[in-house]
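# Fold and contact review
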Number of protein chains: 2
Amino acid sequence: MLSGTFSVGGRDGYEPKLTAVATGSHIDAIPYSGKYDGVVGVLGAIEAINALKRSGFKPKRSLEIILFTSEEPTRFGISCLGSRLLAGSEALAEALKATVDGQNISFLEAARSAGYARDEDDLSRVFLKNDSYSAFVELHIEQAPILEEEGISIGVVTNIAAPASIKVDFEGNGGHAGGVLMPDRNDAGLAAAELMLAIEKHATESGSLDTVGTVGILELYPGAINSIPSKAHLEIDVRDIEESFRNAVINKIHKAAKSIAKKRKVTLSEFKIINQDPPAHSNGSVIKAVVDASDELNLTYKYMISRAYHDSLFMARIAPMGMIFIPCYKGYSHKPEEYASPQDLENGVKVLALTLAKLSLR
Amino acid sequence: MLSGTFSVGGRDGYEPKLTAVATGSHIDAIPYSGKYDGVVGVLGAIEAINALKRSGFKPKRSLEIILFTSEEPTRFGISCLGSRLLAGSEALAEALKATVDGQNISFLEAARSAGYARDEDDLSRVFLKNDSYSAFVELHIEQAPILEEEGISIGVVTNIAAPASIKVDFEGNGGHAGGVLMPDRNDAGLAAAELMLAIEKHATESGSLDTVGTVGILELYPGAINSIPSKAHLEIDVRDIEESFRNAVINKIHKAAKSIAKKRKVTLSEFKIINQDPPAHSNGSVIKAVVDASDELNLTYKYMISRAYHDSLFMARIAPMGMIFIPCYKGYSHKPEEYASPQDLENGVKVLALTLAKLSLR
């Protein structure tokens, strides 16, 4: 559909006028990543539908696979680009007209060079109507260690946490590392270091165990061993299942950034909340289909919260949504050690296939 | 002479058997730098010798200009490559055989592609003997605000501070920023943030006002907003006029790094002192020549310490050394705002010319 978000296969139902059931995930990854995050939900979807075909199952509603583009924010700094747009984000469609990557290539230019050339650049053409799918279900590795630790095969996701991301810049005078004495400095890097520790403190002490705060990106300029940093750029991720806890922590981080800037005589030249999405709730009938499928396959399952967010967070805005988690090694994700065993992959694909079958007959 | 370190001009003396007087500096720069650091001592040297020619002055000893390669550590991570080698660093000549830049291009390959091709790669061929020059003098911007604040034209450098640089790596488990709860993390980026603040504390509380400690480089891996840093790489610069103060601070930084690693359950996978050079002292007769020149030109001057280090730090190992500082705007250096006024440049070049004249007649 949109610049890499497209249907990669599926199965026509015998009542083609009914809205389809969709499944899918993403295959893009962050740098130095693993090979299961997202990919399991794409290859797993293809295999689930093939298995249904082989079994001779006839779907009533068509089954459709979606491969979302740019779930990770690697290139354009915005996560879940494809699913956000499909879900009808007017703000994103507008913002993307002026968005460029690290090499100054615009989003629209990149989309065109990937073969999505159009005469007009109106991204709202990809928005889906609210009744486009009767259900959306996504298979994914857990990206946390709970299922593995408890020896449970299937996670039935009830909620997806509310994520937010923030960009912060501190600026100081910089100078030569040998030339400026310690009392005369206003080091933007040290302001960033203090803010990192403040974020850890506020996330840890939020009052909710589910609050997490992370600085995954910190860039110092000019970035030379013999130069006092004149600028520090941080990108911060804050999440909770409850928006109110998350937003309270964001406010504390903003206060901390202002007070650190004042104390260290640096300028807080940017504090920009890039996105601040509400949490999503899985749909009751999709949850029931996953649970029934697990039961029929004699697989243990557990209701759980997804603290990582997924394309499902946005698909929930336009379709009844559910997610199926499988265990992954030590909960590792976003690094090469990421791993899911063949048995767990098979279990997940079986549950997905049976869930799709159930949803297609409703 | 060596891969960019070469003589760019000069003036033959009428007693060609006497060792020459040398002057010079560097023209390489860090990223996002200014255009005066180093350059003033190269263009200024050319102009000083041209001025002596125009005045009809006949040098007894030849005057020679040296343009040093890679004073800044930008490409190969080692500062003052050219002058260190000229001064006969066996350890560096050996280490450079295995040194590569960020694009994995070896130092020797880079030297050859810059036109310094040789059959053999024995870098010790560029070592200078101790009596190669009768004196070496370098003109440079102060890179600190003292001369400007006090309204003084010329800084006469008596000592160059002892610099050290250290590379540190912390490694943790990383993971997805949404998937791992705060108590379960071992975030390498937060270990780095704590070490940055510890370095500031130990440099500030060393007991010597002259101690400075700087983290100019910090890299987080994988470097994605939704990933807990699994690795943090820091490059640290520590200096003092007294080696003992500096080394005491380095020991405290090492202890802090070990204790932070233990507390945060990350691995301190590298703590490597890249260089730990002794301070240099200017030569009495070169100092006198600079002072006499300033007096004769009716320019105010002040004895001062260079906290930044220069090619002169290494040239002092093989020749009587001196440095001439001129004021620079607010002490700014290593950033685009770096500036020295035409009047101060003229003063510096006049003092350099007269100093060279005096030294050439001795």
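Residues numbered from 1 in each chain as written. Chains lettered and ligands numbered in written order. Predicted model: local features only at pLDDT ≥ 70, side-chain atom pairs only at ≥ 80, totals over all residues. Heavy atoms only, no water.

Per an unreviewed UniProt entry, chain A is named Peptidase M20 dimerisation domain-containing protein, and its organism is Gossypium raimondii. Database annotation for chain A, UniProt heading Cofactor (unreviewed entry): "Mn(2+)". For chain A, the Subunit (unreviewed entry) comment in UniProt is given as "Homodimer." (UniProt positions renumbered as here; feature names shortened; annotations may be inferred.)

## Structural notes on the overall build of chain A
Check the secondary structure of chain A and you find 10 helices and 12 strands. Its C-alpha radius of gyration of 22 Å places chain A within 12% of the 21 Å reference for a compact globule of 362 residues. Once the C-alpha set of chain A is aligned to its principal axes, its extents read approximately 75 × 55 × 35 Å. Scored against the burial criterion, the 362 residues of chain A give a buried share of 60%. Relative to all contacts within chain A whose residues are 6 or more apart in sequence, the contacts with residues 24 or more apart total 81%. Carbon together with sulfur atoms contributes 51% to the accessible area of chain A, which is approximately 14,100 Å² in total. Averaged over its 38 positive side-chain charges, chain A has a centre that lies 2 Å from the centre of its 46 negative ones. (Helix = DSSP H or I, 4+ residues; strand = E, 2+ residues; numbered from the N terminus. Rg over C-alpha atoms; globule rule 2.2 N^0.38 Å. Buried < 20%, exposed > 50% of the residue type's maximum accessible area, 1.4 Å probe, protein only. Contact = heavy atoms within 4.5 Å. Areas by Shrake-Rupley, 256 points an atom, 1.4 Å probe, with all protein chains shown as cover. Lys, Arg positive; Asp, Glu negative; His and termini not counted. Charge placed at Lys NZ, Arg CZ, Asp CG, Glu CD.)

## Side note on the interface of chain B and chain A
With 60 residues of chain B at the contact, the number on the chain A side is 61 residues. Counting each side, the surface lost to burial between chain B and chain A is near 5,100 Å², with a carbon and sulfur contribution of 65%. Looking at the side of chain B facing chain A, the largest losses of area belong to B:His176, B:Met182 and B:Ile225, adding up to 14% of the total buried there. For the pair chain B and chain A, the interface holds 2 salt bridges. Where B:Glu200 meets A:Arg264, a salt bridge forms, and the shortest distance between an N and an O atom there is 2.8 Å. In this assembly, chain B and chain A are joined by 14 residue pairs in polar contact (both at pLDDT 80 or more). Residue composition of the side of chain B that touches chain A, grouped by class: 30 nonpolar, 19 polar and 11 charged. (Buried area = accessible area lost by both parts, 1.4 Å probe. Salt bridge = Lys/Arg side-chain N within 4 Å of Asp/Glu carboxyl O. Polar contact = N/O pair within 3.5 Å; in protein donor to acceptor, adjacent residues only side chain to side chain. Nonpolar A, V, L, I, M, F, W, Y, C, P; charged D, E, K, R; others polar.)

## Here's the deal with the sheet that holds strand E7 (residues 212-221) of chain A
Strand-to-strand pairing in sheets goes through backbone hydrogen bonds, with the strands running parallel or antiparallel. Residue and element names in this part refer to chain A. Taken in spatial order, the 4 strands of this open sheet run E7-E8-E6-E9, and their pairing is antiparallel. The sheet terminates laterally at E7 and strand E9 (267-276), the two strands that pair on one side only. Neighbour-to-neighbour, the strand axes of this sheet turn through a mean angle of 15°, independent of strand direction. Sheet topology note: the E7/strand E8 (residues 231-240) ladder contains 9 bridges and is antiparallel. The residue of E8 that forms the bridge with Val212 is Arg239. Along the sheet, helix H7 (residues 243-264) contacts strand E6 (162-171), E8 and E9; its crossing angle with E9, the most-contacted strand, is approximately 170°. (Pairing = 2+ DSSP bridges. Axes fitted to C-alpha atoms, helices over the stretch in contact; angles between N-to-C directions.)

## Some thoughts on the pattern of salt bridges
Residues and elements named next belong to chain B. Under the defined criterion, the tally for this structure stands at 32 salt bridges over all chains. Its salt-bridge partner being Lys263, residue Glu194 comes within 2.7 Å of it at the nearest N-O pair. One end of the pair, Glu194, is in helix H6 (residues 188-204); the other, Lys263, is in helix H7 (residues 243-264), with 69 residues separating them in the sequence. The class of Glu194 is buried, set by a relative accessible area of 17%.

## Observations concerning the pairing of strand E3 (residues 63-68) of chain B
Residue and element names in this part refer to chain B. In terms of residue burial, E3 counts as a mostly covered element, since 5 of its 6 residues are buried. Pairing of strand E2 (residues 20-26) with E3, which is carried by 6 bridges, proceeds in the parallel orientation. Note on E3: the bridge partner recorded for Ser25 is Leu67. Between the parallel pair E2 and E3, the chain is carried across by helix H1 (residues 39-54), and the sense of this crossover is right-handed. (Right-handed = clockwise from strand over helix to strand, strands pointing away.)

## Some points on the UniProt feature "domain: Peptidase M20 dimerisation" (unreviewed entry) in chain A
When the UniProt feature table is mapped to this numbering, "domain: Peptidase M20 dimerisation" (unreviewed entry) covers residues 164-263 of chain A. Counting secondary structure, residues 164-263 of chain A comes out at 38% helix and 28% strand; the distance between its end C-alpha atoms is 27 Å.

## Quick notes on the pairing of strand E6 (residues 162-171) of chain B
Residue and element names in this part refer to chain B. Among the 10 residues that make up E6, 8 are buried, leaving the element largely enclosed by the rest of the structure. As paired elements, E6 and strand E8 (residues 231-240) share 10 bridges and run antiparallel to each other. Along E8, the bridge assignment pairs Phe170 with Ala232. Note that E6 and strand E9 (residues 267-276) share 8 bridges and pair antiparallel.

## Regarding the sheet that holds E6(B)
Residues and elements named next belong to chain B. Pairing in this open sheet of 4 strands is antiparallel, and the strands run E7-E8-E6-E9 from one edge to the other. Single-partner strands in this sheet number two, and they are strand E7 (212-221) and E9. Ignoring which end each strand starts from, the neighbouring axes of this sheet average 15° apart.

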